[in-house]
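# Observations on the three-dimensional arrangement
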Amino acid sequence: MKTVHEVCELTKLTPRTLHYYDAIGLLKPTTVTEASYRLYDEAALEKLQAILLFRELEFPLKEIKTILNDPNFDQEEALDQQIKLLELRIVHLTRLIQLAKELQKGGNNMSFQAFDRTEIDQYAQEVKERWGGTAAYAKSREKLKGKSKEEMDAMGTAVMDIFARMGALKGKHPENPTAQALVAELQRFITEHYYHCTDEILAGLGEMYMADERMRSNIDKAGGEGTAVFAAEAIKVYVKK
């Protein structure tokens, strides 16, 4: 067991920070002595590491609490996600450093691509949704509860079938009536089998189809290269109507 002072020495946090984490229910001490000393065991310190990693990734405390309190929270999976986010930040910071060095040498680089945080933000949103950070994800878990592996596989196949049919339209304009009908079908399918897919949620999914490498790869596998981009563009047209 470690005291507040020892934890602060170890982490460089202030006692006020630990007391605040306790007050908001983010990190409770393992026990409190009769003399009102807060003590933290190894499990509490492991949880504190998870909190500090999410803080380094700029997650608000409220969202960190939601993530860590999720009954399905998996430390190993969360670490994989944190590593992925940290790697994305390394790439982002490397681009900013390269741009700054070019400007320092008197370069005239007017590209603002180095400031683009889309991929980081989209993946961070996916992490939040994974751990019940949104009402939509909570509804999704409720609908999927009790589904067999066969049923889940069939649902996944049905979604990919929609993307396969979208892939056949890649040469056409996203406003194409058939493409728009497929977007509507996708929205209905998500609502029926996962959660209520509003136009706003659908728009966010469209952005994720392009930004998330794994999703883009799976969609392109179903409909051919470029399908994810075409689907995202078709969704943009659909939600603007």
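Residues numbered from 1 in each chain as written. Predicted model: local features only at pLDDT ≥ 70, side-chain atom pairs only at ≥ 80, totals over all residues. Heavy atoms only, no water.

## Section: the nonpolar core
- Residues Leu-18, Leu-27, Tyr-40, Phe-59, Ile-64 and Leu-85 are the most contacted members of the largest nonpolar core, which totals 28 residues.
- Contributing elements (two or more residues each) for this core: helix 1 (4-11), helix 2 (15-23), helix 3 (42-56), helix 4 (61-69), helix 5 (75-104) and helix 6 (118-130).
- It is helix 3 that provides the largest number of residues to this core, a total of six residues.
- Grouped together as the second largest cluster of nonpolar side chains are 24 residues, Phe-163, Tyr-195, Leu-202 and Ile-219 included. (Core = buried A, V, L, I, M, F, W, Y, C linked by side-chain atoms within 4.5 Å. Buried < 20%, exposed > 50% of the residue type's maximum accessible area, 1.4 Å probe, protein only. Helix = DSSP H or I, 4+ residues; strand = E, 2+ residues; numbered from the N terminus.)

## Some words on helix 6
- Over its 13 residues, helix 6 extends 18 Å from the first C-alpha to the last, a length consistent with the 18 Å expected when each residue adds 1.5 Å.
- All buried positions along helix 6 are accounted for by Ile-120, Gln-122, Tyr-123, Ala-124, Val-127 and Lys-128. (Expected span 1.5 Å × (residues − 1).)

## Some details on unusual backbone geometry
- In this structure, Lys-12 is a non-glycine residue whose phi angle is positive, near 70°.
- Inspection of the secondary structure puts Lys-12 in the loop between helix 1 and helix 2.
- Phi angles above zero are rare outside glycine, and Ser-36 is one such case at about 70°.
- By the secondary structure assignment, Ser-36 is in the loop between strand 2 (31-32) and strand 3 (38-40).

## What about the packing of helix 8 (residues 149-167) against helix 9 (residues 177-193)?
- One can describe the packing of helix 8 onto helix 9 by two numbers: an axis separation of 10 Å at closest approach and a directional angle of 170°. With respect to each other, helix 8 and helix 9 are oriented roughly antiparallel. On the side of helix 8, the interface is formed by Met-155, Ala-158, Val-159, Ile-162, Phe-163, Arg-165 and Met-166, while helix 9 contributes Leu-182, Val-183, Glu-185, Leu-186, Phe-189 and His-193.
- When grouped by side-chain class, the residues that make up the contact of helix 8 with helix 9 number 10 nonpolar, one polar and two charged. (Axes fitted to C-alpha atoms, helices over the stretch in contact; angles between N-to-C directions. Parallel < 35°, antiparallel > 145°, perpendicular 65-115°, else oblique. Contact = heavy atoms within 4.5 Å. Nonpolar A, V, L, I, M, F, W, Y, C, P; charged D, E, K, R; others polar.)

## A word on the packing of aromatic side chains
- Under the definition given, this model contains three aromatic pairs.
- Between Phe-163 and Tyr-209, the aromatic rings sit 5.4 Å apart at their centres with planes inclined by 85°, giving edge-to-face as the arrangement. Of this pair, Phe-163 sits in helix 8 while Tyr-209 sits in helix 10 (residues 199-211); the two residues are 46 residues apart in sequence, bridging distant segments of the chain. Considered together, Phe-163 and Tyr-209 belong to a single accessibility category, that of buried residues.
- Judged by centre distance (6.4 Å) and plane angle (50°), the ring pair of Phe-189 and Tyr-194 falls under tilted. The pair formed by Phe-189 and Tyr-194 is uniform in burial state, with each residue classed as buried. (Phe/Tyr/Trp six-rings, centres within 6.5 Å; stacked < 30°, edge-to-face > 60°.)

## Structural notes on the side chain of Gln-180
- With respect to the secondary-structure elements, Gln-180 resides in helix 9.
- Among the polar contacts listed, one links the side chain of Gln-180 to the backbone oxygen of Ala-234, at a separation of 3.0 Å.
- Ignoring anything within four residues of it in the chain, the contact list for Gln-180 reads Pro-174, Glu-175, Ala-234, Val-237, Tyr-238 and Lys-241. (Polar contact = N/O pair within 3.5 Å; in protein donor to acceptor, adjacent residues only side chain to side chain.)

## Description of the environment of Glu-207
- By the secondary structure assignment, Glu-207 is in helix 10.
- By relative accessible area, Glu-207 is classed as partly exposed at 42%.
- Residues Glu-207 and Lys-236, spaced 29 residues apart in sequence, show a C-alpha to C-alpha distance of 8.8 Å.

## What about the sheet that holds strand 2?
- Here three strands make up an open sheet; going across it, the order is 1-3-2 and the pairing antiparallel. Each end of this open sheet is capped by a strand with a single partner; those strands are strand 1 (2-3) and strand 2.
- Sheet topology places strand 2 next to strand 3; two bridges connect them, and they run antiparallel. Its bridge partner lying in strand 3, Thr-31 is registered against Leu-39. (Pairing = 2+ DSSP bridges.)

## What about the environment of Gly-224?
- Along the chain, Gly-224 falls in the loop between helix 11 (213-223) and helix 12 (227-240).
- Along the sequence, Gly-224 and Leu-93 sit 131 residues apart, while their C-alpha atoms lie 32 Å from each other.
- With residues up to four places along the chain from it excluded, the contact list for Gly-224 reads Lys-170 and Ile-219.

## Considerations on the pattern of salt bridges
- One pass over the full model with this rule turns up six salt bridges.
- A salt bridge links Arg-38 to Asp-22; the shortest N-O distance between them is 2.9 Å. You can see Arg-38 sitting in strand 3 and its partner Asp-22 sitting in helix 2, a full 16 residues away along the chain.
- Classification of Arg-38 by relative accessible area gives partly exposed; the value is 25%.
- Given a relative accessible area of 10%, Asp-22 falls into the buried group.
- A salt bridge links Arg-165 to Glu-185; the nearest nitrogen and oxygen atoms lie 2.7 Å apart. Here Arg-165 is found in helix 8, whereas its partner Glu-185 is found in helix 9, with 20 residues between them in sequence.
- Residue class for Arg-165 comes out partly exposed when judged on its relative accessible area of 33%.
- On the accessibility criterion, Glu-185 (26% relative accessible area) is partly exposed.
- Connected via shared salt-bridge partners are Asp-22, Lys-28 and Arg-38. (Salt bridge = Lys/Arg side-chain N within 4 Å of Asp/Glu carboxyl O.)

This is a description of form; function is not addressed.
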